[in-house]
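Examining the three-dimensional arrangement
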2 protein chains.
Amino acid sequence: MDKLTDKQQRVLEFISGYTAENSFPPTLKEIASKFRVTIGTVQDHVNALKTKGYLERKKDIARGFRVVTGSEPKSSPALIPLYGNVAAGEPIFAADNIQGYVTMEKRKSGHHIHFALKVKGDSMTDSGIYDGDIVIVRKQDSAEDGDIVIALLDDEATVKTLRNRRIKAYLEASNSRYKAIINKPFQIIGKVIELRRAYG
Amino acid sequence: MDKLTDKQQRVLEFISGYTAENSFPPTLKEIASKFRVTIGTVQDHVNALKTKGYLERKKDIARGFRVVTGSEPKSSPALIPLYGNVAAGEPIFAADNIQGYVTMEKRKSGHHIHFALKVKGDSMTDSGIYDGDIVIVRKQDSAEDGDIVIALLDDEATVKTLRNRRIKAYLEASNSRYKAIINKPFQIIGKVIELRRAYG
DNA sequence: AGCTTATCCATAATTAAATATGGTGCTGCA
DNA sequence: TGCAGCACCATATTTAATTATGGATAAGCT
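A short tour of the structure in this document, coming up. Since the model is a prediction, treat every value here as computed from it, not as a measurement.

Basis of the calculations
Residues numbered from 1 in each chain as written. Chains lettered and ligands numbered in written order. Predicted model: local features only at pLDDT ≥ 70, side-chain atom pairs only at ≥ 80, totals over all residues. Heavy atoms only, no water. Helix = DSSP H or I, 4+ residues; strand = E, 2+ residues; numbered from the N terminus. Buried < 20%, exposed > 50% of the residue type's maximum accessible area, 1.4 Å probe, protein only. Contact = heavy atoms within 4.5 Å. Areas by Shrake-Rupley, 256 points an atom, 1.4 Å probe, with all protein chains shown as cover. Core = buried A, V, L, I, M, F, W, Y, C linked by side-chain atoms within 4.5 Å. Phe/Tyr/Trp six-rings, centres within 6.5 Å; stacked < 30°, edge-to-face > 60°. Near = heavy atom within 4 Å. Polar contact = N/O pair within 3.5 Å; in protein donor to acceptor, adjacent residues only side chain to side chain. Nonpolar A, V, L, I, M, F, W, Y, C, P; charged D, E, K, R; others polar. Salt bridge = Lys/Arg side-chain N within 4 Å of Asp/Glu carboxyl O. Axes fitted to C-alpha atoms, helices over the stretch in contact; angles between N-to-C directions. Parallel < 35°, antiparallel > 145°, perpendicular 65-115°, else oblique. Expected span 1.5 Å × (residues − 1). Arc of directions from axis to C-beta.

Quick word on the overall build of chain A
The helix and strand inventory of chain A stands at three helices and 10 strands. Along chain A, helices and strands appear, N-terminal first, in the series α-α-α-β-β-β-β-β-β-β-β-β-β. Counting the 200 residues in chain A, one finds 46% classified as buried. For chain A, the proportion of contacts with a sequence separation of at least 24, taken over those separated by at least 6, is 55%. Working note: accessible area of chain A is about 11,000 Å², and carbon and sulfur atoms make up 49% of it.

Let's talk about the nonpolar core
The biggest cluster of nonpolar side chains holds 33 residues, and the ones touching the most others in it are Ile 129, Val 135 and Ile 150 of chain A together with Val 135 and Ile 150 of chain B. With sequence-adjacent residues up to four places away left out, Ile 150 of chain A is seen in contact with Leu 117, Val 135, Val 137, Ala 157, Thr 158, Val 159, Gln 187, Ile 188, Ile 189, Gly 190 and Val 192 of chain A. Ile 15, Phe 35, Val 46 and Tyr 54 of chain B belong to the second-largest nonpolar core, a separate cluster that totals 18 residues.

Considering the side chain of Lys 191 of chain B
When you line up the elements, Lys 191 of chain B lands in strand β10 (residues 187-198). Lys 191 of chain B gets classed as buried once you look at its relative accessible area, which sits at 10%. Setting aside chain neighbours within four positions, we find Lys 191 of chain B in contact with Gly 200 of chain A together with Ile 136, Val 137, Arg 138, Gln 140, Asp 147, Ile 148 and Val 149 of chain B.

A short note on the packing of aromatic side chains
All names here are of chain A. As enumerated under the stated definition, the model contains seven aromatic pairs over all chains in all. Geometrically, the ring pair formed by Phe 14 and Phe 35 is edge-to-face, given 5.9 Å between the ring centres and 80° between the ring planes. One end of the pair, Phe 14, is in helix α1 (residues 6-22); the other, Phe 35, is in the loop between α2 (28-34) and α3 (39-51), with 21 residues separating them in the sequence.

Observations concerning the protein's contact with DNA strand C
Inspection of the region around DNA strand C gives 24 residues, with Gln 43 and Arg 63 of chain A together with Thr 5, Thr 38 and Asp 44 of chain B positioned closest. Contact distances for DNA strand C include 2.4 Å between a phosphate oxygen and a side-chain N or O atom of Arg 63 of chain A. Lys 7 of chain B is positioned with one of its side-chain polar atoms (N or O) 2.9 Å from a phosphate oxygen of DNA strand C. Of all elements in the fold, only α3 of chain A together with α1 (6-22) and α3 (39-51) of chain B reach the threshold of two or more residues within the surface near DNA strand C. For the surface near DNA strand C, the leading source of residues is α3 of chain B, giving four residues. Among the residues making up the surface near DNA strand C, the classes are represented as seven nonpolar, eight polar and nine charged.

Structural notes on the pattern of salt bridges
Going through the model one piece at a time under the given rule, you end up with 12 salt bridges over all chains. For the salt bridge of Asp 133 of chain A with Arg 197 of chain A, the shortest nitrogen-to-oxygen distance reads 2.9 Å. Within this pair, whereas Asp 133 of chain A is found in the loop between β5 (114-118) and β6 (134-139), its partner Arg 197 of chain A is found in strand β10 (residues 187-198), the two being separated by 64 residues in sequence. Pair check on accessibility: Asp 133 of chain A and Arg 197 of chain A agree, each one buried. Ionic pairing is found between Lys 191 of chain B and Asp 147 of chain B, a salt bridge with its closest N-O pair at 3.8 Å. Note that Lys 191 of chain B is positioned in strand β10 and Asp 147 of chain B in the loop between β6 (134-139) and β7 (148-153), a separation of 44 residues in sequence.

Some points on the environment of Gly 64 of chain B
On the secondary structure map, Gly 64 of chain B appears in the loop between β1 (55-57) and β2 (65-67). Overall, the relative accessible area of 2% leaves Gly 64 of chain B in the buried class. Expressed as a C-alpha distance, the spacing of Gly 64 of chain B and Thr 27 of chain B, which sit 37 residues apart in the sequence, is 8.4 Å. The residues touching Gly 64 of chain B, leaving out its near neighbours within four places in the chain, are Phe 24 of chain A together with Glu 56, Arg 57 and Lys 58 of chain B.

Looking at the protein's contact with DNA strand D
Taken together, 23 residues sit near DNA strand D, with Thr 38 and Asp 44 of chain A together with Gln 43, Asp 60 and Arg 63 of chain B positioned nearest. Here, DNA strand D places atoms within 4 Å of the protein, and 75% of those atoms are sugar or phosphate. One of the backbone N or O atoms of Leu 28 of chain B is found 2.9 Å from a phosphate oxygen in DNA strand D. Elements that contribute at least two residues to the surface near DNA strand D include exactly α1 and α3 of chain A together with α3 of chain B. Top contributing element to the surface near DNA strand D by residue count: α3 of chain A, with three residues. When grouped by side-chain class, the residues that make up the surface near DNA strand D number seven nonpolar, seven polar and nine charged.

Regarding unusual backbone geometry
The general pattern is negative phi for most residues beyond glycine and trans for most peptide bonds. Residue and element names in this part refer to chain B. Notably, Ser 23 is not glycine yet its phi reads approximately 75°, a positive angle. If you trace the backbone, Ser 23 turns up in the loop between α1 and α2 (28-35). Judged by relative accessible area, Ser 23 falls into the buried class, the value being 19%.

Observations concerning the packing of α1 of chain A against α3 of chain A
All names here are of chain A. Where α1 meets α3, the closest approach of the two axes is 10 Å, and the angle between their N-to-C directions is 90°. With respect to each other, α1 and α3 are oriented roughly perpendicular. Between α1 and α3, the contacting residues are Lys 7, Gln 8, Val 11 and Leu 12 on the first element and His 45, Ala 48 and Leu 49 on the second. In the contact of α1 with α3, the residues fall into four nonpolar, two polar and one charged.

Brief notes about α1 of chain A
For an α-helix, the turn length of 3.6 residues means that residues three or four places apart are oriented alike. Across its 17 residues, α1 of chain A extends 24 Å between first and last C-alpha, which sits within 8% of the 24 Å expected from 1.5 Å per residue. Taken together, the buried positions of α1 of chain A are occupied by Gln 8, Val 11, Leu 12, Phe 14, Ile 15, Tyr 18, Thr 19 and Asn 22 of chain A. Take α1 of chain A and look down its axis: the buried residues cluster within an arc of 155°, on one side only. Turned more than 90 degrees away from the buried face of α1 of chain A, the exposed residues are Asp 6, Ala 20 and Glu 21 of chain A. Looking at the buried positions of α1 of chain A, the neighbouring elements they touch are α2, α3, β1 (55-57) and β2 (65-67) of chain A together with β2 of chain B. Backbone geometry just downstream of α1 of chain A places Ser 23 of chain A in the positive-phi region, at approximately 75°.

Nothing here speaks to function; it is geometry throughout.
Take a look at the structure:
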């Protein structure tokens with residue numbers, strides 16, 4: 001990347017700082033008045049920053065800046081809803097079942113829908129998942145052998161290990177006191193991608 | 001804060017996600033086309049989010065949204081350093097031992113120092129802490145009976161359960177194949193307040 | 001039944017913001 | 001000396017985006 005002039009540097013910093021403060025980037029006019037120059041001048045600066053690779057810009061888009069961060073991806077984390085445990089028969093993603101929100105690091109995965117669920121029961125203790133733990137789930141309707149999944153079974157959402165063997169798929173609890181669920185139909189809602197547990 | 005309806009929730013998530021992806025928030029029109037409704041409808045949703053306190057908005061400002069996260073309006077979630085496992089004798093908080101950063105929800109606790117540590121070994125498996133898990137630790141030099149702590153023992157940082165009984169304090173592994181550590185001097189570095197585990 | 005809230009519609013008016021065009025001086029440099 | 005890059009100006013045009021109005025339907029509450 002080319003080096004920036006003093007002025008260009010300051011403009012870039014202003015855009016970056018403004019965005020951090022307001023959660024949206026400035027307009028050309030705002031930049032102009034900050035540096036007491038005209039919009040035309042700012043156009044020049046912005047173009048320079050663009051061609052030098054420090055700034056991305058979308059055409060015809062108000063405040064359409066993105067400061068290209070060299071190394072650190074300062075992406076703000078996404079907020080996903082945390083659902084309480086679901087009793088049989090009730091809809092899973094009911095709005096009044098939302099117990100709070102959890103921040104999740106933005107991963108490159110991108111276009112998946114995520115949610116969090118509070119685990120109830122001890123059927124997965126052998127896999128280190130305990131009552132009260134929170135699992136973060138990526139919505140998907142299929143998974144692979146060995147994945148820990150959220151499955152809909154008798155209208156109830158449960159955490160289980162998916163077994164997808166030769167004959168047919170079944171669900172396995174990881175506490176030996178529980179039997180594997182083999183002969184019931186079930187539907188996979190999502191795959192557990194992260195576990196969180198809070199200590200007193 | 002009032003609870004959000006299902007639709008409002010989805011709108012809020014869209015705004016949050018769009019902003020994370022583009023570094024600037026969406027327009028009303030973009031929200032509208034995402035949900036296949038008209039701008040007028042989005043105005044209603046946005047106003048609802050505003051009055052319920054989940055969203056801030058500047059008047060007459062293009063893309064002037066700010067998603068209010070959790071309790072504090074301006075504080076973004078804290079980034080805390082993730083340290084790799086520490087070999088004996090080496091300084092624990094060395095800068096070149098930082099393996100990354102983890103976002104942590106801002107808690108009311110406030111004035112504590114936190115860090116994250118990658119767990120190595122299987123001495124805590126009976127408590128559901130496995131090799132490769134990440135623990136989030138609040139720095140403190142004492143703890144109570146039953147707390148899971150990071151202790152410095154022979155210049156090495158380990159995860160153990162603190163036992164603070166009548167006679168003296170000692171450290172207990174939660175895998176029965178390991179013995180409790182009773183007669184060695186140790187120093188408590190911090191208390192584990194959260195556990196995270198990523199699944200493939 | 002009357003009230004509130006949530007969800008939706010269509011359209012006009014207005015303002016915010018980006019873009020286009022064509023300039024002026026200055027500097028360093030080949 | 002002439003060219004290239006930088007920093008600046010002024011103004012007009014076009015498009016993006018917000019705001020304003022006024023209304024429709026359904027669900028839930030008292």
